[in-house]
Amino acid sequence: MATATTADSTAPARDFQSLILTLQAYWARQGCVILQPYDMEVGAGTFHPATTLRALGPDEIWNCAYVQPSRRPTDGRYGENPNRLQHYYQFQVLMKPSPVDSQELYLGSLKAIGLDPMQHDIRFVEDDWESPTLGAWGLGWEVWCDGMEVTQFTYFQQVGGIECDPVPVELTYGLERLAMFIQNVDSVYDLDWDGVPKDQGGKVYGDIFKQAEWQFSTHNFELADTDTLLRQFDDAERACHALLAHSRPVPLPAYDQCMKASHLFNLLDARGVISVTERQAYIGRVRALARGCCESWVAAGKDAQEQANG
Amino acid sequence: MAEFLLELFSEEIPARMQARAAADLKRIFVDGLQAAGLDFGSAHAFVTPRRLALVIDELPLAQADRREEKRGPRADAPEKAIAGFLGSVGLSRAQVEERDTPKGLFLFAVVEQSGRPTADLLVELSERAVRDLPWPKSQRWARNTQRYVRPLQAVLAIFDGVTLTGEIDLGDWRLRFTDETRGHRFLAPEPLKIQNFKDYQAQLADAYVILDRADRKARILEQATALAAAEGLRLIDDPGLLDEVAGLVEWPHPLMGTIDAAFMEIPPEVLTTSMRSHQKYFALEDSAGKLANRFIVVANMAADADRDQTIIAGNERVLRARLSDAKFFWDTDRDAPLASRVAALGNVTFYEKLGGMADKVTRMTDLADYLARSIDGCDHALAARAAHLAKADLTTAMVYEFPEVQGIMGQYYARHDAEPEAVAAAIAEHYAPAGPSDDCPTAPVSIAVALADKIDLLVGFFAIDEKPTGSKDPFALRRAALGVIRLVVENQLRLPLQTVFDHARSLYGDLTGPGATADLLPFFADRLKVHLREQGVRHDLIQAVFALGGEDDLVRLLARVEALSRFVASDDGENLLIAFRRASNIVAAEEKKAGDSFTGAVDPSHLTETAEKALHQALSAADTGLTAALKDEDFAAAMLALAALRAPLDAFFENVIVNADDPTLRINRLRLLTHIRSAMGKVADFGEIEG
């Protein structure tokens, strides 16, 4: 260790957990609130209320970053595909209003994790983002590093059907893909998780998640009881509407029910019990919940502000 | 005379929007300068991923001064009228003059307007450009209200060597005009101070930015071709991809990578689609035209041996991940025979109001079987089989992942299942022709299925009254109709379209909507006119044949148009047309006067002049010839029969007075001309033909 060169000592550690720690430290330095994952099953980091709701209000300035485990039941491959998982990690940054140097800040984060733009071919390629279930859309790019999509970069325009003002910028890093790139491995299951040598109990991604991928793929595609899921979807939907209609609206717990409904829909989709036409109807139902929660959240923010001012 | 240089520097502009944006920027300035009466030498617009630039040379420094005279009310007009006039020209009563005019004493104002400095106009136009550039999609950012394609970061504006004084107000931020730009995002990020356009282009080139899109394209093509040639390979032409890639880089640097041998067994269409649409790689082929295990990626960095290796290795790995998915699909899709997938089409939407894809396939199968009878050498059982399987690949994982290879995958899977080759080929070809330049199927079974697919689509959407309107054609019905036209015409199919439409309509059963297909044939007529016009056929000749009405056999219709166009180009045709016009003008005028037509039979006993007797005889002969020729669909012979009328008709007009004093003779002559007109009308409506 004593012989390490300067370059070695400044090179960031490449294991999976260090990647997360480095990104957290970097965005903390940029003034972001570092949050923990939301404690529910969601399809993407965008669903975290720190993004969906905070993109709309009440703060004029809101900068945050967090890891979010994300579940996409249809992407499960029983642990057999080296690139696809039904459970994976996103690192999410939201900055509102979008800073003048958003792209530079982002490129700084790549440098921090050891991707020096001078050593690679980094490009911003048009990719407009849309979430039909959240009633949200924005314009931006996929960021390519040597042809690999490493980040989704989006200027939100609408969330929950509501215009964003100020406009936030959202950065979503696919952590597994990024780590595979940095560690130069071809299978997600070979990713070094902790940087500890194997003979000292070090773990790779497969040690931790391969079993889970098989079990959850089996559950999501074969075992999940569809009648129960359908009932739970209806329950969550009803609960969400009821909470929103209450004389003391509570958009946060209501939004929990919206997230639940969204995940149940994803499970039903994986079970193959939703036909193409029904699919649109289900997406519309979740979108109506998201819209209601966002509207209620914005209204609650305005009320609070009026109380503070009055 | 001075030069204006503008650069709108922004975050990355989507490649597909760049060419159009450059043209729009130029148009906004050219229109604005013209409206301001400012002449200029030339205007050129440029675009890279991060900048839209415009240079205009030989501009005057100011507009010319203008002097304008305005006449006001009479000098003795009411106070209010005079005050209104003075207000409108901004002068006092003492500053306007009274002038004697033939109509009395009037007030005149002479307004002298000194020309505005060009610099002021350029500032206004720059603001307008940011505001008015018509992006397909634009966005807001931060707290700003101004929209732009992506955040606008800086504006360089230099006129006559001086930075223009002005700014773009974004709503929250203000961008003051500068004389600075930046080079390549990574290779030359420092500010560059710019004097003029020549300096701008040169400094950018030193800062790893090739300003001109055409230069970037040429460089990509040249270097990629050389890389390919070094391996004994050839770059597969792909102008669309070249356009896109030129919009993704400021400093194009083509590099060559290798595709793992394990993936070369995947159908080449899947390999190229994956490389092209997801990764923007160029594909290569060997001298035998076989897809090579190499690809070319165009990086946006300068050459550097170590970095080049990193970039190539990274891209190879990405491709490996993508293709391992494709290979997995290729392997697993073949586990289930295509025929077993047809049932799953019940879950695939065709169009909500028109049922699912399984219903469509059932109809297509019947229709292909039915159409097979009108296609030479078409085995109706094979046509039905191919139609039955045509859409089954929509349920495969490969087509789900790569929709572009629909049909093509069906062909591979059908071959794997040992379906007859004609069936496999028809599955691949049934979406064709997808446009005017696309190859049109010629194999009988392929023709049947391609027609069935399109006719089913057209009949369905017309039945529920969702027809194309104006520029809106969301289901590409115009393209489908053109596809049918090309399939019929290029394969010389004798198909009574209306009968086919009626049959196709009956297969749908009950539908909500008007349910009629009566508008479909006129829609085809319009499409055919467009198609023929594009091929250079005179539109009036098309109209002359269409005006006959009721024709739904496109081959017969075209034969008539062709014979007619040959005939009117001939000496006989040209002269007969003149005589026809004369005859129909006379008849039309007399019909109007009499309030009646002259369709009665010609009485030979009242034909007195030699010329009219000759014409009558010629008409009888021509009529017989015409009837026989039309029955045989020999339109050249029909035209020949008409040609025989030319000389007698000319002689008639030379020697016979139609409006004779004797009403019996007059009416008989008008009847003779009426019959000439109707005989010719059996071939085409000559009245539609322009002179």
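None of these values were measured; they are calculated from a predicted model.

Points about the overall build of chain A
In terms of helices and strands, chain A carries nine helices and nine strands. Relative to the compact-globule value of 19 Å for 310 residues, chain A shows a C-alpha radius of gyration of 21 Å, a close match. Counting only residues that meet the buried cut, chain A has 47% of its 310 residues in that class. Across chain A, the fraction of contacts at a sequence separation of at least 24, relative to all contacts at a separation of at least 6, is 67%.

Comments concerning the overall build of chain B
When you go through chain B residue by residue, the secondary structure sums to 24 helices and 18 strands. Computed over its C-alpha atoms, the radius of gyration of chain B comes to 36 Å, more than 25% above the 26 Å expected for a compact globule of 691 residues. By principal-axis analysis of the C-alpha atoms, chain B measures approximately 100 × 100 × 50 Å. Expressed as a percentage of its 691 residues, the buried residues of chain B come to 40%. Of all intrachain contacts in chain B linking residues separated by at least 6 positions in sequence, the fraction that spans at least 24 positions is 68%.

Side note on the interface of chain A and chain B
The interface is formed by 30 residues belonging to chain A together with 34 residues belonging to chain B. Sorting the residues of the side of chain A that touches chain B by element identifies strand S4 (122-126), strand S6 (136-145), strand S7 (148-159) and helix H9 (276-309) of chain A as the ones contributing at least two each. For the side of chain A that touches chain B, the per-class residue count stands at 14 nonpolar, ten polar and six charged.

Description of the confidence of the model for chain A
Averaged over all residues, the pLDDT of chain A is 92; the fraction at 70 or higher stands at 96%. pLDDT under 50 marks residues 1-9 of chain A. Its contacts with residues more than four places away, or in other chains, come to one contact.

Structural notes on the pairing of S7 of chain A
Within a regular strand, the side chains alternate between the two sheet faces. All names here are of chain A. When you tally the buried positions in S7, you get ten out of twelve residues, the bulk of the element. Sheet analysis places S6 next to S7, joined by nine bridges and oriented antiparallel. Each residue of the ladder has a partner; that of Val143, found in S7, is Thr151. Counting the residues that bridge the hairpin from S6 to S7 gives two residues, and of these Asp146 lies at a positive phi of roughly 50 degrees. Inspection of the sheet shows S7 paired to strand S9 (residues 169-174) by five bridges, in the antiparallel sense. In the strand pairing of S9, Thr154 is matched with Glu170. Bridging between S7 and strand S8 (residues 162-163) involves two bridges; their strand directions are antiparallel. Paired with Gln158 across the bridge in S8 is Glu163. In sequence, S7 turns back onto S8 through a hairpin of two residues, with Gly160 there showing a positive phi of about 60 degrees.

Quick notes on the sheet that holds strand S13 (residues 234-235) of chain B
Residue and element names in this part refer to chain B. Across the sheet, four strands lie side by side as S13-S15-S16-S14; this open sheet has antiparallel pairing. One side of each edge strand has no neighbouring strand; the edge strands of this open sheet are S13 and strand S14 (253-258). Most of the contacts of helix H8 (residues 305-333) go to S14, to which it runs at about 50 degrees, and overall it touches S14 and strand S16 (291-299).

Some points on the domain arrangement of chain A
It is common to report an interface's size as the accessible area lost on association of the parts. All names here are of chain A. If you check the domain split of chain A, you get domain 1 (6-218) and domain 2 (225-309). Contact with domain 1, which involves 22 residues of that partner, is made by 23 residues of domain 2. Considering only residue class, the side of domain 1 that touches domain 2 consists of twelve nonpolar, seven polar and three charged.

Some points on the packing of helix H7 (residues 226-245) of chain A against helix H8 (residues 251-270) of chain A
Residues and elements named next belong to chain A. As a packed pair, H7 and H8 sit with axes 8 Å apart at the nearest point and diverge in direction by 155 degrees. With respect to H8, the axis of H7 lies roughly antiparallel. With respect to the hand of their crossing, H7 and H8 are arranged in left-handed fashion. Contact with H7, carried on its side by Thr226, Leu229, Leu230, Gln232, Phe233, Ala236, Glu237, Ala239, Cys240, Leu243 and Leu244, involves Pro253, Ala254, Gln257, Cys258, Lys260, Ala261, Leu264, Phe265, Leu267 and Leu268 of H8 and no other residues of that element. Class assignment for the residues of the contact of H7 with H8 results in 16 nonpolar, three polar and two charged.

Regarding the domain arrangement of chain B
Taken domain by domain, chain B holds domain 1 (2-62 + 117-206), domain 2 (66-113), domain 3 (213-322), domain 4 (338-536) and domain 5 (565-688). The C-alpha-based centres of domain 1 of chain B and domain 5 of chain B are spaced at 68 Å.

Thoughts on the sheet that holds strand S6 (residues 104-113) of chain B
All names here are of chain B. If you trace the three strands from one edge of the open sheet to the other, you get S4-S6-S5, paired in antiparallel fashion. Both edges of this open sheet fall to strand S4 (66-74) and strand S5 (97-101), since each of them pairs with a single strand only. Each strand axis lies, on average, 40 degrees off the axis of its neighbour in the sheet, ignoring direction. Where S5 and S6 come together, five bridges link them in antiparallel fashion. Counted as the bridge partner of Asp100 is Leu105 from S6.

Focus: helix H17 (residues 520-534) of chain B
Residues and elements named next belong to chain B. Across its 15 residues, H17 extends 21 Å between first and last C-alpha, which sits within 8% of the 21 Å expected from 1.5 Å per residue. The inward-facing, buried residues of H17 contact helix H14 (444-463), helix H15 (477-490), helix H16 (497-508) and helix H19 (554-569). Positive phi shows up at Gly536, right after H17, with a value of about 90 degrees.

Observations regarding helix H1 (residues 15-35) of chain B
Residues and elements named next belong to chain B. In this model, H1 (21 residues) spans 31 Å end to end at C-alpha, consistent with the 30 Å of a helix rising 1.5 Å per residue. When the local axis directions of H1 are compared, the greatest deviation, roughly 25 degrees, occurs at Ala21. In this fold, the buried residues of H1 make contact with strand S2 (43-48), strand S3 (51-59) and helix H3 (118-132). Two residues or fewer after H1 comes Gly37, characterised by a positive phi angle close to 70 degrees.

A look at the environment of Leu85 of chain A
Residues and elements named next belong to chain A. Relative to the assigned elements, Leu85 resides in the loop between strand S2 (62-71) and strand S3 (87-96). Owing to 25 C-beta atoms within 10 Å, Leu85 belongs among the buried residues under this scheme. In sequence terms Leu85 and Ser217 are 132 residues apart; their C-alpha atoms lie 9.0 Å from each other. The contacts of Leu85, once residues within four sequence positions are left out, are Asp75, Glu176, Val188 and Glu213.

Each value, and the rule that gives it
- Residues numbered from 1 in each chain as written.
- Chains lettered and ligands numbered in written order.
- Predicted model: local features only at pLDDT ≥ 70, side-chain atom pairs only at ≥ 80, totals over all residues.
- Helix = DSSP H or I, 4+ residues; strand = E, 2+ residues; numbered from the N terminus.
- Rg over C-alpha atoms; globule rule 2.2 N^0.38 Å.
- Buried ≥ 20, exposed ≤ 12 C-beta atoms within 10 Å, placed from the backbone.
- Contact = placed C-beta atoms within 7 Å.
- Nonpolar A, V, L, I, M, F, W, Y, C, P; charged D, E, K, R; others polar.
- pLDDT = per-residue confidence, 0-100.
- Pairing = 2+ DSSP bridges.
- Axes fitted to C-alpha atoms, helices over the stretch in contact; angles between N-to-C directions.
- Domains from an automatic or database assignment.
- Parallel < 35°, antiparallel > 145°, perpendicular 65-115°, else oblique.
- Left-handed = near helix turned anticlockwise from the far one by under 90°.
- Expected span 1.5 Å × (residues − 1).
- Bend = angle between axes of the 7 residues up to and from the residue.

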